[in-house]
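# Observations on the model geometry
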Amino acid sequence: LQCPRAYLCRGGAINSSSFCREGHRGPYCSVCSSGYYAGLLGECFKCSGNTVGFYILVAGCFGVFALLILAIQKPKLYKQIPDALKLRMKNLG
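Since this is a predicted model, take the numbers as computed values, not measurements.

### Notes on the state of the cysteines
The full count for this structure, using the stated rule, is two disulfides. Disulfide pairing is shown between Cys20 and Cys29; the S-S distance is 2.0 Å. Between Cys20 and Cys29 the sulfur-sulfur dihedral comes to about -85°; the bridge is accordingly left-handed. For the pair shown, Cys20 and Cys29 are each scored as buried. Bridging Cys32 to Cys44, the disulfide has an S-S length of 2.0 Å. With the S-S dihedral at roughly -90°, the linkage between Cys32 and Cys44 falls on the left-handed side. Linking Cys32 in strand S2 (residues 31-32) with Cys44 in strand S4 (residues 44-46), this pair joins segments that are 12 residues apart in sequence.

### Comments concerning the pattern of salt bridges
Side-chain pairs of opposite charge can arise where the charged atoms are in close proximity. Taken as a whole, this structure holds one salt bridge when the rule is applied. Here Glu43 ties to Arg21 by a salt bridge, and the two come within 2.9 Å at their closest N and O atoms. In this pair, Glu43 is assigned in the loop between strand S3 (36-38) and S4 and Arg21 in the segment before strand S1 (24-25), connecting sequence segments 22 residues apart.

### Things to note about the side chain of His24
Looking at where His24 falls in the secondary structure, it is placed in strand S1. Since its relative accessible area comes to 3%, His24 is described here as buried. Separated by 3.3 Å, the side chain of His24 and the backbone oxygen of Cys29 make a polar contact.

### With respect to the packing of aromatic side chains
Tallied over the full model, the rule gives one aromatic pair. On the numbers, 5.8 Å between centres and 35° between planes, the contact of Tyr37 with Phe45 is tilted. Judged by its relative accessible area of 42%, Tyr37 is partly exposed.

### Some thoughts on the side chain of Ser33
Here Ser33 lies in the loop between S2 and S3. Not counting residues up to four positions away in its chain, the partners in contact with Ser33 are Gly23, His24 and Arg25.

### Considerations on unusual backbone geometry
What is expected of a backbone is that most residues other than glycine have negative phi and most peptide bonds are trans. At Tyr28, a position not held by glycine, the phi torsion is positive, near 60°. With respect to the helices and strands, Tyr28 occurs in the loop between S1 and S2. According to the relative accessible area criterion, Tyr28 is partly exposed, its value standing at 35%. At Cys29, a residue that is not glycine, the phi angle is positive and equals roughly 55°. Of note, Cys29 is situated in the loop between S1 and S2.

How each quantity is defined
Every chain's residues receive numbers from 1 upward, in the order its sequence appears when written. The predicted nature of this model means local features are confined to residues of pLDDT at least 70 and side-chain atom pairs, given and counted, to a pLDDT of 80 or more, with totals for whole chains, interfaces and linings taken over all residues. With hydrogens and water excluded, all non-hydrogen atoms of the structure serve as input to the side-chain values. To count as a disulfide, a pair of cysteine sulfur atoms needs to be within 2.5 Å. Only protein chains enter the area calculation, which uses a 1.4 Å probe; residues under 20% of their type maximum are buried, those over 50% are exposed, and those in between are partly exposed. We count a stretch as a helix when DSSP gives it H or I for four or more residues in a row; a strand needs E for two or more, and each element gets its number in order from the N terminus. Whenever Lys or Arg places a side-chain nitrogen within 4 Å of a carboxyl oxygen from Asp or Glu, that contact is recorded as a salt bridge. The term polar contact refers here to a pair of N or O atoms within 3.5 Å; inside protein, the definition further demands a hydrogen-donor-capable atom paired with an acceptor-capable atom, and it admits residues adjacent in sequence only when both atoms are side-chain atoms. Planes of paired rings set the category: under 30 degrees apart is stacked, over 60 is edge-to-face and the rest tilted, where pairs are Phe, Tyr or Trp rings (Trp by its six-membered ring) whose centres lie within 6.5 Å. Any two residues whose heavy atoms approach within 4.5 Å are treated as being in contact.

As structure tokens, this is what we get:
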């Protein structure tokens, strides 16, 4: 039998990890090896192990979200400040 996804298998073997592309194993080379993740077309990609970048991205998104909320709420908050304090703030700037 020939491997149904020939681009994952080397030599067309069905059930031998030595005949699978790097990162693939198992029947029809359809299982990702440890340290690899499956892409949309079943192809396995090596995990980068760089989780720091992911956490920085998430923190940045939360920061931008917080700034947007603050920008939306600023006019409402400014209306709640007493007039005497507004006058002092204008004199400072």
